[in-house]
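Notes for the structure review
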Amino acid sequence: MVRMDEDKLLALAKRRGFFYPAFEIYGGVAGLYEYGPMGAALKANIADRWRRFYVLGEGFAEIDSPNVSPEEVFAASGHVKEFTDFSVECTKCREAFRADHLVKDIENPAALGADGLSAALKGQGAKCPSCGGELSVPQKVNLMFKTQIGPTANSRVGYLRPETAQAMFFSFVNHYRHFREQLPFGVVQVGRGFRNEISPRQGLLRQREFNMMEAEVFVHPERKTWPRFHEVADDRLRLVSNDGKEHVIAAKDAVHKGIIKNEALAYFVALTQRFLLDVGIDPKRLRFRQHLTNEMAHYASDCWDAEVELSYGWVEAVGVADRGSYDLDQHIRHSGAQLTAFERFAEANEVERDVIAPVHARLGPLFKGKAKAIAAAMESAEGLAVESDGTIKLAIDGAEVTVPPECFERKRVREKVSGRRFVPHVIEPSYGLDRILYSVMEHSYHEEEKEEYTVMRLPISVAPIKFGVFPLMAKDGLDGFAMKLDAELRDAGVVTSYDDSGSIGRRYARMDEVGTPFCVTVDHETLEKGTVTIRDRDSKAQVRVPAKELAALAPRLLRHGFSVAKGGK
RNA sequence: GCGGGCGUAGUGUAGCCUGGUAUCACGCUAGCUUGCCAAGCUAGUGACUCGGGUUCAAAUCCCGGCGCCCGCACCA
């Protein structure tokens, strides 16, 4: 029964132009999908709602960075090294296999390293599954799409990004400055990611090129609170913690009891719930599951996935992770850039310390080209020891250099220390847009019990078309009137669909299938009294309103629902 | 990638075993009709997943590719 729904939904998705496999006339390519007119609109509307939460609601800044990135970025992020699967090759028939899939009786073999896999395979005497030949040692296969930046031989190696997050990290100082050097703040990006999956499946849920909406929220490492936490404090969350227990609990209690590690993380878990419900996820089919300790990235201190129940089972749609300072640390290490925030002490400290001050007038002539490096080394080295003969020994470029006494002075200085630099921590809510879109479609899908009749009960805000506009019959001037009404609505910024074909019931049905919340019909009474009917998708109820008022009424209907029309007239 | 199931108009299907270019329904388009929930009549539209082989002839038989679904595994 569940299977049936899924097939019917996929059929509807294609028939009505939501989504379908890409490149169909060339046989299709696994893991690549195309959004049709309804799907593209639905996707844009969901992303819009997301921005309403994250950009308008939280005041976060949206950026837009390239899909193609130089190798250095992913060397720093760890993707070049770690974003891999292990494969083994048969030495006889040359066939390749995923190493972790050949390992038997080990829980989570994917978590094994090269040595662990190698040992496990050897220990089990694993042979080639197709010819029985000997297997090679496990080799890493990177799952990023590799390319070259620039067409000529001296081009740089590049990758299509597997996530949008990195630009929010490596451009941290720009964002920090934009927010006038105040924590906490957030940066978001809505865009595409690319993962060259070995075997993509399950339609929109696992694609090779997919859409995500990511936020990186930079917080003080010792103050992982959130200023607006009180707004969500009483939101009830369904939490499955990694001890296997399920809690239905208010956000504030989840924090107090330590189920969710900190307030900032809990805030974004609660915000995620609000967003998902807003775009049409069924609350009964939503839960948050904490990552198991061995599933969590080693740097993450806590991670919660929003999981949505679909015909495929529970599917992860959003991940909310406390990533600590890992990502910024990595880019600091690899690039040398100072990706830090500055914190002013309440009172500036005065400290006295001994320093070695280079005498440049002597250093220069004596050491020539090396003088600059020597001076820098003297200034940066804390507590340099002066040898018994009065010289200093320094290691410059791997060679020891002896600096005679006349080249420096020993001084005691008073310094004012007004604050300290530190690497912020990051809370990362990461949303799979395609998965959310698909989930919204499944949860909106509604079939009338008796007849074969489908209604997509999409929330008004995400529905691709807001109003169907019909003349009851395309004659007697009804069609002309309806066309004018349609143009007025579109002029007011409302997405409409004009339709004068077939019976009125058929046209309602078409709109129901794409989730259009309202249909306006022009009939003979319109010509006499100037009123039109508005029909509600979910209740099929109708009310008459003056046609003249429709364009003004429409935005209120879209905001508050059908009851506005009922109450109004 | 493994195991299983599968691929015929936009959709759902018949035909495949036993080779002779394709059934029915819905949809869609036009006309008539009806006059507020997929009504009716008429006409039209439109398909054998791709490639190779066997054959006088392939949707049908054989081989291979691609794709889809389920399970395993992985993941946003």
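Turning our attention to a nonpolar patch on the surface. On the surface, F23, I25, Y26 and V29 cluster together to form a nonpolar patch covering roughly 520 Å² of accessible area. Mapped onto the secondary structure, I25 falls in the loop between β1 (19-21) and β2 (33-35).

Oppositely charged side chains are able to pair whenever their charged atoms sit close together. For the structure on display, the rule yields 31 salt bridges. Across the pair R51 and D48 runs a salt bridge, and its minimum N-O distance is 3.9 Å. Here D48 and R51 lie together in helix α2 (residues 37-57), a separation of 3 residues that amounts to about one turn. Residue classification places D48 among the partly exposed residues on the basis of a relative accessible area of 47%. E343 is the salt-bridge partner of R223, the closest N and O atoms lying 3.6 Å from each other. Here E343 lies in strand β17 (residues 341-358) and R223 lies in the loop between β11 (209-219) and α9 (229-232), a separation of 120 residues in the sequence. Judged by relative accessible area, which is 47%, R223 ranks as partly exposed.

Moving on, we come to the nonpolar core. When a protein is soluble and globular, its nonpolar side chains tend to lie buried together. Among the nonpolar cores identified, the biggest contains 73 residues, and I46, Y54, M213, F268, F275 and I436 are the most heavily contacted of them. Per-element tally for this core: the top contributor is helix α11 (residues 263-278), with 10 residues. Of the residues that make up this core, three or more belong to each of domain 1 (2-65 + 164-328 + 426-432) and domain 4 (465-568). Apart from the residues within four sequence positions on either side, F275 is in contact with I46, R49, W50, F53, M213, Y431 and I436.

What follows deals with the packing of α2 against helix α15 (residues 433-444). One can describe the packing of α2 onto α15 by two numbers: an axis separation of 10 Å at closest approach and a directional angle of 110°. When the axes of α2 and α15 are compared, the pair comes out roughly perpendicular. Here G39, L42, K43, I46 and A47 of α2 come into contact with α15, specifically with L433, I436, L437, V440 and M441. Residues of the contact of α2 with α15, tallied by class, amount to 8 nonpolar, 1 polar and 1 charged.

Rules used in this analysis
Numbering of residues starts from 1 in each chain and follows the order in which that chain's sequence is written. Working convention: letters from A go to chains and numbers from 1 go to ligands, in the order in which they are written. Residue-level local features of this predicted model are given only where pLDDT is at least 70; pairs of side-chain atoms are given and counted only at 80 or more, and the full residue set underlies all totals for whole chains, interfaces and linings. For side-chain calculations, the full set of non-hydrogen atoms in the structure is used, while hydrogens and water are omitted. Residues with no salt bridge and a relative accessible area higher than 30% make up the patches, which join like charges within 9 Å and nonpolar side chains (Val, Leu, Ile, Met, Phe, Trp, Tyr) within 5 Å. To be clear on the numbers: accessible area is Shrake-Rupley with a 1.4 Å probe, and residue cover counts the displayed protein chains and nothing else. Salt bridge, as applied in this entry: a Lys or Arg side-chain nitrogen positioned within 4 Å of an Asp or Glu carboxyl oxygen. For helices the rule is a DSSP run of H or I covering at least 4 residues; for strands it is a run of E covering at least 2, with both sets numbered from the N terminus onward. Burial classes follow relative accessibility: with a 1.4 Å probe on protein chains only, a residue under 20% of its type's maximum area counts as buried, one over 50% as exposed, and anything between as partly exposed. Among the buried residues, those of types Ala, Val, Leu, Ile, Met, Phe, Trp, Tyr and Cys that are joined through side-chain atoms within 4.5 Å form a nonpolar core. The domain limits used here are those given by an automatic or database domain assignment. Note on contacts: a residue pair qualifies if any of its non-hydrogen atoms lie within 4.5 Å across the two residues. To get an axis, a line is fitted to the C-alpha atoms, and for a helix only the part in contact is used. The angle between two axes follows their N-to-C directions and goes from 0 to 180 degrees. Between 65 and 115 degrees an angle is taken as roughly perpendicular, under 35 as roughly parallel, over 145 as roughly antiparallel, and anywhere else as oblique. When residue character is reported, Ala, Val, Leu, Ile, Met, Phe, Trp, Tyr, Cys and Pro are called nonpolar, Asp, Glu, Lys and Arg charged, and the others, Gly included, polar.

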